[in-house]
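Understanding the architecture of this molecule
Spelled out from the first residue to the last, the chains are:
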Amino acid sequence: MEGLRKVFSCIGKNSEDSKEDAPKSLHKMESVTDSIKATVYGNCIGDAIGLLSEFMSKTDAEKSYGKHAGKIAYKMKVDDGHRSRWEVGDWTDDSDQMILIMKSLLDNEGEVNVVDYSKKLKDWQQHGFEELGDKGGMGIGTTTVQVLTHEKFLEDPHAAAEQVWERSNRRVAPNGGVMRTSVAGVYRFNDIEAVIRNTLSFCKVTHADPRCQASCVAVTTAIAQMLQRKHVDETGRHDADKIMEESFEHAKKYLVNAEGSQDEEFVTEFRRHMFAESISDLQLGEEQKIGYTLKTMGAGFWAFRQTNFRTALEAVLFEGGDADTNGAVAGALLGCKLGLKAFPKSWLNQLLHKTWLDGILERFIELTETKQTENTATTEEQNAQEEQAAEQDQKPEPDQEQEQKPEQEQEQNEEPQKEESQQEQEQNGKQIDNSTAIDQSEVEITTAAD
């Protein structure tokens, strides 16, 4: 908690702050911790709720759950061949892979280590979370499986993902990256460039397509902005439009073609999905395209603009398609925006492995606080160095100062020396060479300057 106190003391700090501001800082600190938890739990809840209609058509989803609108619960899960593999209240591979990111950061003391993450993914694929009774990772997408089984995966996962993408003629852009990277927006959230670097690192472990990368960046930078309390109005509410515009600007930098230039078709398509006015415009249940990363990203940002967590997540469920993944991103974004208080209590408390997740999340928050404090201290030190350098730039150069100083003092000393010489001439009858007195004064001045 001390870490976030340090961070918030430096966000929008005013030199006139007084003790009366302390309760506000504490409130902000508690508020950001709540938002971090809501991001992670929101991801898991959206995943678990979305599982209820995953791979269903919109028609089948409405037929199965329509009569329960407004009161959807985990226990209503249709027990078919697909859904029966998960227990009631469980989340799927989407949130499992997000949790692996947290575990990797914790095990590496906050350092992003993609080789370690690749090893954790491979172990999870084979065994799942054994402490939870898993027998292996379930629900893994085709592209992710191809990358995980690539011969180079455990040594250079980015290269493995790149090669898998090349084999598809650079066409496939699935949602397996954006479904898991919301926590990259939490970690070091006050440093947007670090957020982007970390996001890309975790995304490219399995997904190399620029649209996948841009989708992840859009989501994580939006989360980071909310945790920074950026674009917040006087009532404390987030300005969703401003957050989205800024995230779009960050994301579109990665929408490039084979030559490395911005792909305007990608940019246009990306914006159309990100700013979709209606969830139906996204066609989330469209056959052969339900796993497209832009559909999932679009579903997330459509939900982000809503104000009721239950209503938004149920709307995603009723669209069918890859509903667990769409729900995971929607839950993370809207959860961060609204906070834990907006969650239906049953959805939060009846998550099957919540107690287990609580322990991981608490440690992750502590790590986040520590790194935020270190980042703030580094920033303060850099600012101090920049101020010191600016002050030095304003000072005269030493040679110029030394040149000016003897000239000034020579003028001041010249008259007294002349008077002294005249007195000595009168007293001693001796002739004094004025140049000797001037040379001596220059020696003394030079010594003082050194």
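Details of the structure are given in the entry above.
Described below are features of the structure shown in this document.

A few points about the overall build of the protein chain
Looking only at helices and strands, one finds 18 helices and zero strands in the protein chain. The burial tally for the protein chain puts 48% of its 450 residues in the buried class. For the protein chain, the share of sequence-separated contacts (at least 6 apart) that also reach a separation of at least 24 residues comes to 74%. Split by element, the accessible area of the protein chain, about 22,200 Å² in all, is 44% carbon and sulfur.

Considering the pattern of salt bridges
Tallied over the entire structure, the rule returns 15 salt bridges. Across the pair Asp191 and Arg188 runs a salt bridge whose closest N-O atoms are separated by 3.3 Å. Overall, the relative accessible area of 22% leaves Arg188 in the partly exposed class. The salt bridge partner of Glu286 is Lys289, with a shortest N-O separation of 3.8 Å. Accessibility expressed as a relative area gives 26% for Glu286, which makes it partly exposed.

Some words on the packing of aromatic side chains
Overall, the coordinates contain eight aromatic pairs when judged by the stated rule. A ring pair is formed by Tyr117 and Phe202, whose centres lie 5.3 Å apart and whose planes are at 80°; its orientation type is edge-to-face. Of this pair, Tyr117 sits in helix α5 (residues 114–127) while Phe202 sits in helix α8 (residues 192–203); the two residues are 85 residues apart in sequence, bridging distant segments of the chain. Residue classification places Tyr117 among the buried residues on the basis of a relative accessible area of 0%. Ring centres 6.4 Å apart and planes at 35° place the aromatic pair Tyr187 and Phe364 in the tilted group. Here the residue Tyr187 occupies a position in the loop between α7 (157–167) and α8, and Phe364 occupies one in helix α16 (residues 354–394), the gap between them amounting to 177 residues.

Regarding the environment of Glu246
Checked against the element boundaries, Glu246 lands in helix α10 (residues 240–252). A C-alpha to C-alpha distance of 9.0 Å links Glu246 and Gln225, two positions 21 residues apart in sequence. Excluding residues within four positions of it along the chain, Glu246 makes contact with Gln225, Lys230 and His231.

What to know about the nonpolar core
In terms of nonpolar packing, the biggest core is built from 105 residues, with Ile45, Ile99, Met102, Phe270, Phe301, Leu333 and Leu357 touching the most fellow members. In contact with Met102, other than residues within four places in its own chain, are Val40, Val183, Leu357, Ile360, Leu361 and Phe364.

Side note on the environment of Arg310
Mapped onto the fold, Arg310 is located in helix α13 (residues 309–318). Judged by relative accessible area, which is 19%, Arg310 ranks as buried. Each C-alpha atom of the pair Arg310 and Gly331 lies 9.6 Å from the other, and the pair is 21 residues apart in sequence. Apart from residues no more than four positions distant in its own chain, Arg310 is found in contact with Gly70, Lys71, Ile72, Pro344, Ser346 and Trp347. Separated by 3.2 Å, the side chain of Arg310 and the backbone oxygen of Ile72 make a polar contact.

Procedures and definitions
- Residues numbered from 1 in each chain as written.
- Predicted model: local features only at pLDDT ≥ 70, side-chain atom pairs only at ≥ 80, totals over all residues.
- Heavy atoms only, no water.
- Helix = DSSP H or I, 4+ residues; strand = E, 2+ residues; numbered from the N terminus.
- Buried < 20%, exposed > 50% of the residue type's maximum accessible area, 1.4 Å probe, protein only.
- Contact = heavy atoms within 4.5 Å.
- Areas by Shrake-Rupley, 256 points an atom, 1.4 Å probe, with all protein chains shown as cover.
- Salt bridge = Lys/Arg side-chain N within 4 Å of Asp/Glu carboxyl O.
- Phe/Tyr/Trp six-rings, centres within 6.5 Å; stacked < 30°, edge-to-face > 60°.
- Core = buried A, V, L, I, M, F, W, Y, C linked by side-chain atoms within 4.5 Å.
- Polar contact = N/O pair within 3.5 Å; in protein donor to acceptor, adjacent residues only side chain to side chain.

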